[in-house]
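Single-letter residue listing:
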Amino acid sequence: MDDQPAIWAEGLTKRFGHVRALDGVDLELATGRLLGLLGPNGAGKTTAVRILTTLLRPDAGHARVAGFDLRKERDLVRRHVGLSGQFAAVDSYLSGRENLVMVGRLTGMTRRAAHARADELLGRFGLGEVAGRQARTYSGGMRRRLDLAASVVGAPPVLFLDEPTTGLDPHGRLELWAQLEELTGQGTSVLLTTQYLEEADRLAHDIVVIDRGSVIAEGTPEQLKRQLGGDRLELRTTPGPQAQQLANVLASLGSGPPMLDAAAGRLVLPVSDDPSLLPRLVALMADAGLSVSDLSLRRLTLDDVFLALTGRPTTPDRSRDRGVQSDDFAVSPTTKGAR
Ligand SMILES: Nc1ncnc2c1ncn2[C@@H]1O[C@H](COP(=O)(O)OP(=O)(O)OP(=O)(O)O)[C@@H](O)[C@H]1O
Ligand SMILES: [Mg+2]
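Computed from a predicted model, the values in this text were never measured in an experiment. (Residues numbered from 1 in each chain as written. Chains lettered and ligands numbered in written order. Predicted model: local features only at pLDDT ≥ 70, side-chain atom pairs only at ≥ 80, totals over all residues.)

## What to know about the overall build of the protein
Piece 1. Counting its regular elements, the protein contains 11 helices and 14 strands.
Piece 2. With the C-alpha coordinates aligned to their principal axes, the bounding extent of the protein is approximately 75 × 45 × 35 Å.
Piece 3. Counted over contacts in the protein with a minimum sequence separation of 6, partners at least 24 positions apart contribute 67%. (Helix = DSSP H or I, 4+ residues; strand = E, 2+ residues; numbered from the N terminus. Contact = placed C-beta atoms within 7 Å.)

Shown next as structure tokens:
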């Protein structure tokens, strides 16, 4: 199975009543690589993960996972995948060590082997000191690490991680990223879902963006960023004609069309990574006699990806679990579906 992809899926389709959770999704993950499945709330990420790990049957489509046919070889697929879920499968009333030993025993290890594997993983995931404590006393970050450790007890060649860092603080996120890099470094193939472009950019070899059950973009992080025009320059000025004038004056700096919300005095310009950008910006504004009240240069976010690809922001309910305002990105694009 060496030259077979870790995951190959074609036309995956799943409906729940009227909702098309997946509407003909194709995916491919090469062995030893990490695929980032990126999308907002309700895009279909968890549905795809549940189907590919045999927890849910697709209405249509075919897939091979770890070299086995999803429909005809469900048990073999199940034995060769690990899953760390959005809803952690850890038993709160067992200790960290008991959780891992239990998983080992369930995968058919002897008592001795299960204990040895549990201790190895507790050390590796920084849980040695809390190994004897009930998991319900763990912090969110510890639970996430325990859940991840549980998913790799049987050293599965293909690992599914459904939003593994949602709810983690920046430090916890960095730690988990390092552990994932170690796993892929050892040859594990990983499909990771996330709502954070930054995370996919940092970890993934390839990214697939899904929205409402369909793939809307795919490629390496570099290809995707190039397609979307790189970083974002964000400016605020007096609402009204001056905002429009600013957009006209600065358009030549952009790697794509400017997005202007004239009523709010907010201008967003896709820009490529170029050291001469800010000097040119200052010169253009001085020549035109324009000023801004706020200016920032920032990396692309999932919101930018959506705005550029679909002409609309990500669904408002997404903002709730990130603790930001729902008008987070209330800019009306001047062109739709810019590519
Ligand atoms: N068991 C179910 N019954 C009914 N509808 C469902 C079920 N599971 C998922 N859905 C619907 O399918 C769509 C896709 O859901 P899914 O959980 O796959 O999204 P997601 O991308 O994982 O979102 P999130 O980022 O919020 O986890 C949503 O509209 C959801 O409401
Ligand atoms: Mg989900």
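## Here we look at the domain arrangement of the protein
Piece 1. As far as domains go, the protein holds domain 1 (7-225) and domain 2 (230-299).
Piece 2. Distance between the C-alpha centres of domain 1 and domain 2: 40 Å. (Domains from an automatic or database assignment.)

## Observations regarding the environment of Phe 160
Piece 1. Its place among the elements puts Phe 160 in strand β7 (residues 158-162).
Piece 2. Distance from Phe 160 to Asp 75, taken between C-alpha atoms, is 16 Å for residues 85 residues apart in sequence.
Piece 3. Dropping the residues within four chain positions of it, Phe 160 is found in contact with Val 49, Leu 52, Thr 53, Val 81, Gly 82, Leu 83 and Leu 191.

## Focus: the nonpolar core
Piece 1. Of all hydrophobic cores here, the largest spans 83 residues; its most connected members are Ile 7, Leu 52, Val 65, Leu 100 and Ala 149.
Piece 2. The residue makeup of this core includes at least three contributed by each of domain 1 (7-225) and domain 2 (230-299).
Piece 3. In contact with Ile 7, other than residues within four places in its own chain, are Leu 27, Glu 28, Leu 29, Leu 52, Val 65, Val 158 and Leu 191. (Core = buried A, V, L, I, M, F, W, Y, C linked by C-beta atoms within 7 Å. Buried ≥ 20, exposed ≤ 12 C-beta atoms within 10 Å, placed from the backbone.)

## Re the sheet that holds strand β13 (residues 266-271)
Piece 1. Taken in spatial order, the 4 strands of this open sheet run β12-β13-β11-β14, and their pairing is antiparallel. A strand with exactly one partner marks an edge of an open sheet, and here the two such strands are β12 (259-261) and β14 (294-298). On average, adjacent strands in this sheet sit at an angle of 10° to one another, irrespective of strand direction.
Piece 2. Inspection of the sheet shows strand β11 (residues 231-236) paired to β13 by 6 bridges, in the antiparallel sense. The partner of Arg 236 across the bridge, within β13, is Arg 266. (Pairing = 2+ DSSP bridges. Axes fitted to C-alpha atoms, helices over the stretch in contact; angles between N-to-C directions.)

## So, the confidence of the model for the protein
Piece 1. Counting all residues, the mean pLDDT for the protein is 86, and 90% of those residues have values of 70 or more.
Piece 2. Segment residues 317-339: pLDDT under 50, and 35 contacts once partners within four positions in sequence are set aside and those in other chains are kept. (pLDDT = per-residue confidence, 0-100.)

## Some words on the site of ligand 1
Piece 1. In the vicinity of ligand 1 there are 13 residues, among which Phe 16, Ala 21, Lys 45, Thr 46 and Thr 47 approach most closely.
Piece 2. Looking at the shell around ligand 1, the elements that each hand over two or more residues are β2 (19-29) and α1 (45-52).
Piece 3. Among the residues forming the shell around ligand 1, the class breakdown is 4 nonpolar, 8 polar and 1 charged. (Near = placed C-beta within 6 Å. Nonpolar A, V, L, I, M, F, W, Y, C, P; charged D, E, K, R; others polar.)

## Things to note about the sheet that holds strand β5 (residues 68-69)
Piece 1. Taking strand neighbours across the sheet as the criterion, the 4 strands line up as β2-β1-β4-β5 in an open arrangement whose pairing is antiparallel. The sheet is open, and its two edges are formed by β2 and β5, each paired on a single side.
Piece 2. The pairing of strand β4 (residues 60-65) with β5 spans 2 bridges and is classified as antiparallel. Of the residues in β5, the one forming a bridge with Val 65 is Phe 68.

## Some words on the pairing of β7
Piece 1. Most of β7 sits inside the fold, with 5 of its 5 residues counted as buried.
Piece 2. Along β7, one buried face is formed by Val 158, Phe 160 and Asp 162 and the opposite face, lined by Leu 159 and Leu 161, is buried too.
Piece 3. Sheet topology note: the β7/strand β8 (residues 189-194) ladder contains 5 bridges and is parallel. In the strand pairing of β8, Leu 161 is matched with Leu 192.
Piece 4. Handedness of the β7-helix α6 (residues 170-185)-β8 crossover: right-handed. (Right-handed = clockwise from strand over helix to strand, strands pointing away.)

## Description of unusual backbone geometry
Piece 1. One non-glycine residue with positive phi stands out, namely Ala 66, at about 55°.
Piece 2. Relative to the helices and strands, Ala 66 resides in the loop between β4 and β5.
Piece 3. Residue classification places Ala 66 among the buried positions, given that 21 C-beta atoms sit within 10 Å.
Piece 4. You will see that Arg 212, though not glycine, has its phi angle at about 50°, which is positive.

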